[in-house]
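The chain contents come next:
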Amino acid sequence: MYQAKASGRNSLRFFDPAMQKALEERILLESELRLALQKDAVVLHYQVQVDEHLKIIGAEALLRWQHPRRGLLEPGHFIALVEETGLIVPIGHWVLESACKQLKAWERNPFSCDLQLAINVSVRQFRIKNFVNEVRKVLNETGANPARLKFELTESLVIDDVVDTVEKMQALKKLGISFAIDDFGTGYSSLAYLKRLPLDQLKIDKSFVRDIIVNKNDAVIVQTIIGMATSLGMDTLVEGVETVEQQDFLSLAGCRAYQGYLYGYPVPLADFEQQISRQVISVSS
């Protein structure tokens, strides 16, 4: 029945034992995820972000689930379920609160006091009526500097309801929070919303970086995005950088911020804090 409904009107689906197995696995996964939230099995890992001098300027906080049977799971294994069940709202609040507490803790360390921390905000979380008040409350309770907090939004989120998006973004900007469009270039990439939204950064998707040295189209796309962002007064950050050759190309194209395996994998907090104690990342071809 669920398969037929998901396929739209006037459709038929016959029973398949594989459907039953998938349903049972989904129910089990949801039960385990709810339990994980109670037992603090959901954690944040941090992936370093650097400038053109390879100096650490911040990090992206990425969700991980320490599953009792399957080990450490990345969001791709459970985020769809989190969205469907509505668990994305309490999880999103926990991520916001955890990020703000971490920013406050980093203020005491001269190696981390100037770092910016980026977190992903889902459509469902952003559309909550009192989302701005929720953010304001967390900032007040934690004492975190909002200027060190960055929200990464998807293109689908910002065009879903542009009026509501602009209103909330402007209110959050007044608090001091900055904004980036995540995975830019893979969605709608409408120039209309770029001129209306108070954005600070375009985050160029890694799919354009992978073959940037050998694929002329990818190279032109990245150069165009960087040039456009500069003209609009925005910064660019390129994710998925894995080689020195990619970094050199991006630097010549005008990009000044990078994220990718070349500089570091997403790691637990303790490992990330060891990274920032060294301040400058060393890379080699």
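In short, a report on the structure. Only a predicted model underlies this, so the values are computations on that prediction, with no experimental measurement involved.

**A closer look at the overall build of the chain**
At step 1: Regarding its fold elements, the chain presents twelve helices and nine strands.
At step 2: Counting the 285 residues in the chain, one finds 45% classified as buried.
At step 3: For the chain, the share of sequence-separated contacts (at least 6 apart) that also reach a separation of at least 24 residues comes to 65%.
At step 4: Carbon and sulfur atoms make up 52% of the accessible area of the chain, which totals about 15,000 Å².

**Here we look at the packing of aromatic side chains**
At step 1: Considering all chains together, one arrives at nine aromatic pairs under this definition.
At step 2: A centroid spacing of 5.5 Å and a plane angle of 55° characterise the contact between F126 and F131, whose relative ring orientation is tilted.
At step 3: Look at F126 and you get buried, because its relative accessible area is 0%.
At step 4: A residue is classified by how much of its surface remains accessible, and F131, at 1% relative accessible area, is buried.
At step 5: Members of the aromatic cluster, connected to one another through ring pairs, are F126, F131, F151 and F179.
At step 6: Across from the ring centre of F126, 5.6 Å away, lies the NZ or CZ of K168, which sits over that ring.

**Comments concerning helix α10 (residues 216-231)**
At step 1: Helix length check: α10, at 16 residues, gives a terminal C-alpha distance of 22 Å against a target of 22 Å (1.5 Å per residue), a fit within 8%.
At step 2: Contacts made by the buried residues of α10 are with β6 (178-184), β7 (201-204), β8 (235-239) and α11 (244-253).
At step 3: Between the side-chain oxygen at the start of α10 and the backbone nitrogen of N217 there is a gap of 2.9 Å, and the oxygen is on N215.
At step 4: Positioned one or two residues after α10, G233 has a phi angle of 80°, which is positive.

**Quick word on the pattern of salt bridges**
At step 1: Here the structure, examined in full by the defined rule, presents nine salt bridges.
At step 2: A salt bridge links E60 to K203; the nearest nitrogen and oxygen atoms lie 2.7 Å apart. Of this pair, E60 sits in strand β2 (residues 56-67) while K203 sits in strand β7; the two residues are 143 residues apart in sequence, bridging distant segments of the chain.
At step 3: Its relative accessible area of 0% is what places K203 among the buried residues.
At step 4: Its salt-bridge partner being E239, residue K203 comes within 3.9 Å of it at the nearest N-O pair. A residue pair is termed long-range when its members are at least 10 positions apart, and K203 in strand β7 and E239 in strand β8 qualify at 36 residues.
At step 5: With relative accessibility at 11%, the residue E239 sits in the buried group.
At step 6: One salt-bridge network, held together by shared partners, links E60, E152, K203 and E239.

**As for the pairing of strand β5 (residues 149-153)**
At step 1: Counted residue by residue, β5 has five buried out of five residues, so it is predominantly covered.
At step 2: Burial of β5 is two-sided: the residues L149, F151 and L153 facing one way and the residues K150 and E152 facing the other way are all buried.
At step 3: In the sheet, strand β4 (residues 116-120) pairs with β5 via four bridges, with the strands oriented parallel. Looking across to β5, one finds that A118 is bridged to K150.

**A look at the side chain of K168**
At step 1: Within the secondary structure layout, K168 lies in helix α8 (residues 162-175).
At step 2: Only 2.7 Å separates the side chain of K168 from the backbone oxygen of F126, close enough to count as a polar contact.
At step 3: Not counting residues within four places of it along the chain, the set of residues in contact with K168 comprises F126, R127, I128, K129 and V132.

**Considering the layout of surface pockets**
At step 1: Its volume calculated, the largest pocket comes out at about 1,200 Å³.
At step 2: Breaking the lining of the largest pocket down by element, the ones donating at least two residues are β1 (42-51), β2, α3 (79-85), α4 (88-106), β4, α5 (123-126), α7 (155-160) and β6.
At step 3: A total of five residues in the lining of the largest pocket trace back to one element, the largest contributor, which is β2.
At step 4: Its residues assigned to classes, the lining of the largest pocket shows 18 nonpolar, 14 polar and 13 charged.

**Some details on α8**
At step 1: Across its 14 residues, α8 extends 20 Å between first and last C-alpha, which sits within 8% of the 20 Å expected from 1.5 Å per residue.
At step 2: Considered for burial, the residues of α8 that qualify are V162, D164, T165, V166, K168, M169 and L172.
At step 3: Just beyond α8, the residue with positive phi is G176, at close to 115°.

**Some words on the packing of α4 against helix α6 (residues 131-142)**
At step 1: Contact geometry of α4 with α6 gives a least axis separation of 9 Å together with a crossing angle of 35°. Our pair here, α4 against α6, has a crossing hand that is right-handed. Within the contact between the two elements, α4 uses H93, L96, E97, C100, K101 and K104 and α6 uses E134, V135, V138, L139 and T142.
At step 2: Here the residues of the contact of α4 with α6 are counted per class, giving five nonpolar, two polar and four charged.

**Topic: the nonpolar core**
At step 1: The biggest cluster of nonpolar side chains holds 77 residues, and the ones touching the most others in it are L149, F151, L153 and L199.
At step 2: It is α4 that contributes the most residues to this core, eight residues altogether.
At step 3: Beyond its immediate sequence surroundings of up to four residues, F151 is in contact with L96, I119, V121, F131, V135, L172, I177, S178, F179 and A180.

Each value, and the rule that gives it
- Residues numbered from 1 in each chain as written.
- Predicted model: local features only at pLDDT ≥ 70, side-chain atom pairs only at ≥ 80, totals over all residues.
- Heavy atoms only, no water.
- Helix = DSSP H or I, 4+ residues; strand = E, 2+ residues; numbered from the N terminus.
- Buried < 20%, exposed > 50% of the residue type's maximum accessible area, 1.4 Å probe, protein only.
- Contact = heavy atoms within 4.5 Å.
- Areas by Shrake-Rupley, 256 points an atom, 1.4 Å probe, with all protein chains shown as cover.
- Phe/Tyr/Trp six-rings, centres within 6.5 Å; stacked < 30°, edge-to-face > 60°.
- Lys NZ or Arg CZ within 6 Å of the ring centre and 35° of its normal.
- Expected span 1.5 Å × (residues − 1).
- Polar contact = N/O pair within 3.5 Å; in protein donor to acceptor, adjacent residues only side chain to side chain.
- Salt bridge = Lys/Arg side-chain N within 4 Å of Asp/Glu carboxyl O.
- Pairing = 2+ DSSP bridges.
- 1 Å grid on protein atoms, 1.4 Å probe; cavity = no way out; pocket = protein on both sides within 12 Å on 5 of 7 lines; lining within 4 Å.
- Points joined across faces, edges and corners; volume = space filled by probe spheres on them.
- Nonpolar A, V, L, I, M, F, W, Y, C, P; charged D, E, K, R; others polar.
- Axes fitted to C-alpha atoms, helices over the stretch in contact; angles between N-to-C directions.
- Left-handed = near helix turned anticlockwise from the far one by under 90°.
- Core = buried A, V, L, I, M, F, W, Y, C linked by side-chain atoms within 4.5 Å.

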